[in-house]
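# Descriptive analysis of the structure
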Amino acid sequence: MAKIPLFTPRKAASSASDVPPIEVTNASAPRLQPARVWRVLVVDDEEEIHTVTKLVLRNFEFESRQLVLLHASSAAEAREHLATYKDIAVVLLDVVMESDQAGLDLVREIRGPMKNADIRIVLRTGQPGQAPEENVIRTYDINDYKNKTELTSIKLKTLLYAALRSYRDICLLHAQRHGLEVTLDALSAVSHLRSLDRFTSAVLQQLASLISYHDKALYFNVISAFAQGSGGPEYRLLASSGAESDDGAVAKDVAGAVGANYISPEADALMREALAAKRSITDEHHFVGYFKTRAGSENLLYLSNAAKLTEFDHRLLHIYCKNVAFAYENLQMQQEVEDSQRELIYMLGEAVEMRSKETGNHVKRVALVAELLAHKLGLDAAEVEIIRHASPLHDLGKMGIPDHILNKPGQHTESERETMRTHARIGFDMLNSSDKRMLKVGAVIAHEHHEHWDGNGYPQGLRGEQINVAARITALADVCDALGSKRVYKEAWTHDAIVAFIAERSGLQFDPKLVKILLDNMDAVNDIRRRFPD
C-alpha cells in the first residue's frame, strides 16, 4: 500500500467496527474525565488537514484510552481551548496561519505566560522555508517539527504514540512528586492527636495521585486470619475511598473491625488468596497488596480500577504500600506510647483525688470542661488537646501535703493554709523537669491555677493575662466542678448557687471572657457531670 501524505487527503475506508475519536470543536463543549482520554489539539487554518487528521486517527487508541480531538483554525481559537482544557496532552500546530509567525508566537505563549511545560508541541508546516527547521528547533521549546508533506498516516500515528508516552511520563513524575508532598504533609502531622486516622486517609489520597485510580480503595489491618465462629478472616478497616456506592466493597455503616460478611465476594476472594499466599495478588483491574511489618502485623490494600493497571502501577503500589505499612506500625506504636502517657496522667490525678478522699471522676470532669472552654475560646486543636490532657495534673502537688492537713474537715489555721498553698509549687517542681510538652503545660497549670485575675491569688501574685491561659481555663473548670461536688468540708452547691458565685467572681478571681463562655455553656457542663457522676 502506498504511503499517503496527510497534505493530500484520501477518502478512508469505513466499516461497522470503526470507532471514530470523540471530537470537540468548540471551547464550550463538556469536559470529559482527563484520566480516561487523551486530548489532542489540532491547530491549522486548512480544513483538509483537520479532515485527514480525523480520518487517520479515527481508530487510534493508546493504553486503552480514547482520543479526543479539539480543533482550532487559528492561534486565537487555540488559546480558547488551552484556557478551557488544562489536560491537553499534545498540540499539532501549524506555523503559518493568521500571520507568518502565528504558530511560533503561540509556542512562546504556551511555554511563557501560560506556564505550560507539560503539553507536547509538534509543529507542522507546509512552507518549510518560511521557518527553517534547525533554527526553529534551536530557538523554540518544541518536541518535534514536521513538514506536512512528509507526514504519512503511519508517521503521524508513530509521532502521536511518542508524544503521548512522553506526556504520560511527565504526568507520572508530577503525580509522584505530589504523592511525596502529601506524604510529607501527612508525616508532619503525626505529632497531633488522632494522627493515625489522618495518616491512613492520606495514604489513599497519595495512591490516587500516583496511579489515578477511579473506583474503590480499602486499607485493612488483619486482626485475625481466621476469626472465631466465622471461619474467615477478620479485618480492621483503616481507610476507604470510593466505597460509598451501593455495590461498594464495604458497607456504608461499617467502621473499625469488619468481618468477611461486610466485604463483597470479589474483594473477599482476592483478599483471602493474598492472605493465604502471604503475597500480593494482581490482575488487570484489581490489586490486593499484602504487607507484613517487622513486628508481624499484616496489612491488606484492596484496589479496584476501571482502567487497566500497568506493570509500573503494580510495582509502584507494592513498593509504596510496603513502606506505608511500616510507617503505620511506627505511628501506631507512637500513639500507644502517647495513650499510655495520657492514661498515666489521669491515674496520677485520680490518685491525688483518692488521697483527698474525693472521686476520681473530678479530674475527668475538669479535663472535659477545660477542653470545652479551650475550644470555645478559639484555641487551635493541638492546644485544646494539650490542655485537656494536662489539666488533671493541676493538684498533683497535694501529694506532698500531710494527710491531717489535706483531709481536715474544718477550717485550716493560718499555718495550715500556708502549707496547703505550697502544693502549687510542689506540683510545678515535680513536672517542670520533664521535656515533654504535655507535662510542661501540666507544670504551669499546677503552678498558676490558684492565681487570680485581679492579682490577689498565689503563689506569685500574677494578674490578668500574665496568668497562662491553660491555668486560667483549668482554674475555672476546677472551681466550677468542685463547687458542685461534696467534700469533707462542704456539701455540693446547687446549680444556681454555682452560677451566682462564678458570675460574682468574674474579673476578680476568673478571666471575664472565660466566665462568659462557661455560663453560656452550662448545659454542656451539667451534661458532663451527668455522664461522670461522683
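Look above for the structure.
Throughout what follows, the structure given in this document is the object of discussion. (Residues numbered from 1 in each chain as written. Predicted model: local features only at pLDDT ≥ 70, side-chain atom pairs only at ≥ 80, totals over all residues. Heavy atoms only, no water.)

### Things to note about the side chain of Thr53
Structurally, the position occupied by Thr53 is in helix H1 (residues 47-56). Assessed through its relative accessible area of 0%, Thr53 is described here as buried. Setting aside anything within four residues of it in sequence, one finds Thr53 in contact with Val42, Leu92, Arg124 and Leu156. (Helix = DSSP H or I, 4+ residues; strand = E, 2+ residues; numbered from the N terminus. Buried < 20%, exposed > 50% of the residue type's maximum accessible area, 1.4 Å probe, protein only. Contact = heavy atoms within 4.5 Å.)

### Description of the pattern of salt bridges
Scanning all chains against the criterion turns up 23 salt bridges. In this structure, the salt-bridge partner of Arg168 is Asp169, at a minimum N-O distance of 3.0 Å. For the salt bridge of Asp395 with Lys398, the shortest nitrogen-to-oxygen distance reads 3.2 Å. Residue class for Asp395 comes out buried when judged on its relative accessible area of 6%. Take Lys398: its relative accessible area is 15%, and that puts it in the buried class. Put simply, Asp44, Glu46, Asp94 and Lys148 are held in one network by salt bridges that share partners. (Salt bridge = Lys/Arg side-chain N within 4 Å of Asp/Glu carboxyl O.)

### Here's the deal with the nonpolar core
With 38 residues, the main nonpolar core has Leu373, Ile473, Leu476, Ile502 and Leu518 as its most contacted residues. Where this core is concerned, the elements lending two or more residues are helix H9 (361-377), helix H10 (381-390), helix H12 (414-431), helix H13 (437-448), helix H14 (469-483), helix H15 (495-504), helix H16 (512-520) and helix H17 (522-531). Residues Val95, Met97, Ala102 and Ile142 belong to the second largest nonpolar core, which totals 28 residues. (Core = buried A, V, L, I, M, F, W, Y, C linked by side-chain atoms within 4.5 Å.)

### Some thoughts on the packing of helix H2 (residues 75-84) against helix H3 (residues 102-111)
Following both chains from N to C, one finds H2 and H3 inclined at 25°, their axes separated by 10 Å at the closest point. For the element pair H2 / H3, the angle class is roughly parallel. Seen from above, H2 lies across H3 with right-handed handedness. Contacts between H2 and H3 involve Ala75, Ala78, Arg79 and Leu82 from the first element and Ala102, Leu106, Glu109 and Ile110 from the second. Broken down by class, the residue content of the contact of H2 with H3 amounts to 6 nonpolar, no polar and 2 charged. (Axes fitted to C-alpha atoms, helices over the stretch in contact; angles between N-to-C directions. Parallel < 35°, antiparallel > 145°, perpendicular 65-115°, else oblique. Left-handed = near helix turned anticlockwise from the far one by under 90°. Nonpolar A, V, L, I, M, F, W, Y, C, P; charged D, E, K, R; others polar.)

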